[in-house]
Amino acid sequence: MKVAHLIFDLDDTLYPSSSGMNKAIAHNMIAFVAEFLHVPYEQAVKIRLERLCHFGSTLEWLMSEGLTDAEPYFAAVHPENETDGLVKAPGLRPFLQSLHIPMTILTNAPSEHAERVLKFLEVRDLFDSITDIRDCGLKGKPYAVAFETALKRAGGTVQDSLFIDDQKKYTAGYENVGGVAVQVGSGGGAYQTAVLPDASKPTGVVKGRTYHLDSIYNLPDLLHRLGDLV
């Protein structure tokens, strides 16, 4: 397989999941859920845990519960100062540059979040495009429309593009449309257990495969191995 394009997830993939920003994002999501459902914070945690496995994202779940405007959700979950909880990653830029393959971002967050994070990490100019949740009609990963939109922007196909994400249900979505994916980290989060019906393999599409890596920094060896495959 000749990899001509790399499609990267953003959060928990380009930087560690232990970041303070991720903890703040999770808190903000649950606080929004609690306010929207008119329940205490602790109950919102439990409800989200029970329901999210049936949906691609917290936003999709909330829309099924009656949320009609996503913008207040985006503003609450991703405030302008959200990168205060991030830590610089000096090795990220030279690593990405060393790959010498065109790169794009596919995220279930809004574009303003992606722009903030990539600029903070000092790698925004290394990515040709960003496909966010709005671009996908608010129905992002693991649905086929998300991958199709990102591939179109990247000028790639599932045959020549590698998708990298930390969540199992998202790499499964790309695998099910015939692509080769890389799951980084453990991917064992509480909300990653379901493969959604709409994300199942379309008729006539050959199922792809998923490789597992501890981190994105192990990508060069995998790319070399993929290049040897016919």
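Below is a summary of the structure that appears in this document. (Residues numbered from 1 in each chain as written. Predicted model: local features only at pLDDT ≥ 70, side-chain atom pairs only at ≥ 80, totals over all residues. Heavy atoms only, no water.)

1. As for the overall build of the chain
Here's step 1: Secondary structure summary: the chain contains nine helices and six strands in total.
Here's step 2: Taking 17 Å as the expected radius of gyration for a compact globule of 230 residues, we find that the chain reaches 17 Å, a close match to that expectation.
Here's step 3: Its C-alpha atoms give the chain principal-axis dimensions of about 55 × 45 × 30 Å.
Here's step 4: Counting every position in the chain, which comprises 230 residues, the buried fraction comes to 51%. (Helix = DSSP H or I, 4+ residues; strand = E, 2+ residues; numbered from the N terminus. Rg over C-alpha atoms; globule rule 2.2 N^0.38 Å. Buried < 20%, exposed > 50% of the residue type's maximum accessible area, 1.4 Å probe, protein only.)

2. What about unusual backbone geometry?
Here's step 1: Each neighbour pair has its own omega, and for K141 with P142 the value is 10°, a cis peptide bond.
Here's step 2: Tracing the sequence through the fold places P142 in the loop between β3 (129–131) and α7 (144–154).
Here's step 3: The backbone phi angle of D12 is positive, close to 70°, even though this residue is not glycine.
Here's step 4: Within the fold, D12 resides in the loop between β1 (5–8) and α1 (20–37).
Here's step 5: Accessibility expressed as a relative area gives 25% for D12, which makes it partly exposed.

3. Brief notes about the pattern of salt bridges
Here's step 1: Under the counting rule described, the total for this entry stands at eleven salt bridges.
Here's step 2: Here the salt bridges do not stand alone but share partners, grouping E71, E112, D132 and R134 into one network. (Salt bridge = Lys/Arg side-chain N within 4 Å of Asp/Glu carboxyl O.)

4. Section: α7
Here's step 1: All of the buried residues along α7 are A146, F147, T149, A150 and L151.
Here's step 2: At the exit of α7 stands G155, carrying a positive phi of roughly 75°.

5. Here we look at the environment of T149
Here's step 1: Topologically, T149 is positioned in helix α7.
Here's step 2: With 82 residues separating them along the chain, T149 and L67 place their C-alpha atoms 24 Å apart.
Here's step 3: If we skip the residues at most four places from it in the chain, T149 touches T131, D135 and C136.
Here's step 4: For T149, the side chain forms a polar contact with the main-chain oxygen of V145, separated by 2.7 Å. (Contact = heavy atoms within 4.5 Å. Polar contact = N/O pair within 3.5 Å; in protein donor to acceptor, adjacent residues only side chain to side chain.)

6. Concerning the packing of α1 against helix α2 (residues 41–51)
Here's step 1: Relative orientation of the contacting elements α1 and α2 amounts to 100°, with a least axis distance of 8 Å. Comparing their axes, α2 and α1 come out roughly perpendicular. For the pair formed by α1 and α2, the contact residues are H27, M29, I30, A31, V33, A34 and L37 on the first element and Y41, A44, V45, I47 and R48 on the second.
Here's step 2: When grouped by side-chain class, the residues that make up the contact of α1 with α2 number ten nonpolar, one polar and one charged. (Axes fitted to C-alpha atoms, helices over the stretch in contact; angles between N-to-C directions. Parallel < 35°, antiparallel > 145°, perpendicular 65-115°, else oblique. Nonpolar A, V, L, I, M, F, W, Y, C, P; charged D, E, K, R; others polar.)

7. Thoughts on the pairing of strand β4 (residues 161–165)
Here's step 1: The buried count for β4 comes to five of five residues, which makes it a mostly enclosed element.
Here's step 2: Every second residue of β4 is oriented toward a common face, with S161, F163 and D165 on one face and L162 and I164 on the other, all of them buried.
Here's step 3: Where β1 and β4 come together, four bridges link them in parallel fashion. Across the sheet, residue L6 finds its bridge partner in β4, namely L162.
Here's step 4: Pairing between β4 and strand β5 (residues 180–184): four bridges, direction parallel. (Pairing = 2+ DSSP bridges.)

8. A closer look at the environment of I105
Here's step 1: Structurally, the position occupied by I105 is in strand β2 (residues 103–106).
Here's step 2: Residue I105 is classed as buried on the basis of its relative accessible area of 0%.
Here's step 3: Separated by 75 residues in the primary sequence, I105 and I30 place their C-alpha atoms 25 Å from one another.
Here's step 4: When residues no more than four places from it in sequence are discounted, the contact partners of I105 are F8, D9, L10, L14, L118, F127, S129, I130 and T131.

9. Topic: the packing of aromatic side chains
Here's step 1: With the rule as written, the count across this model stands at seven aromatic pairs.
Here's step 2: With centroids separated by 5.2 Å and ring planes inclined at 70°, the aromatic side chains of F147 and F163 adopt a geometry described as edge-to-face. Taken together, the residues span a long stretch of sequence, with F147 in helix α7 and F163 in strand β4 at a distance of 16 residues.
Here's step 3: Residue classification places F147 among the buried residues on the basis of a relative accessible area of 1%.
Here's step 4: Overall, the relative accessible area of 0% leaves F163 in the buried class.
Here's step 5: Here the aromatic residues F32, Y73 and F74 are joined through ring pairs into a cluster of three or more.
Here's step 6: Across the ring face of F120, the terminal group of K88 is positioned such that the distance to the ring centre comes to 4.2 Å. (Phe/Tyr/Trp six-rings, centres within 6.5 Å; stacked < 30°, edge-to-face > 60°. Lys NZ or Arg CZ within 6 Å of the ring centre and 35° of its normal.)

All we've got here are geometric facts, nothing functional implied.
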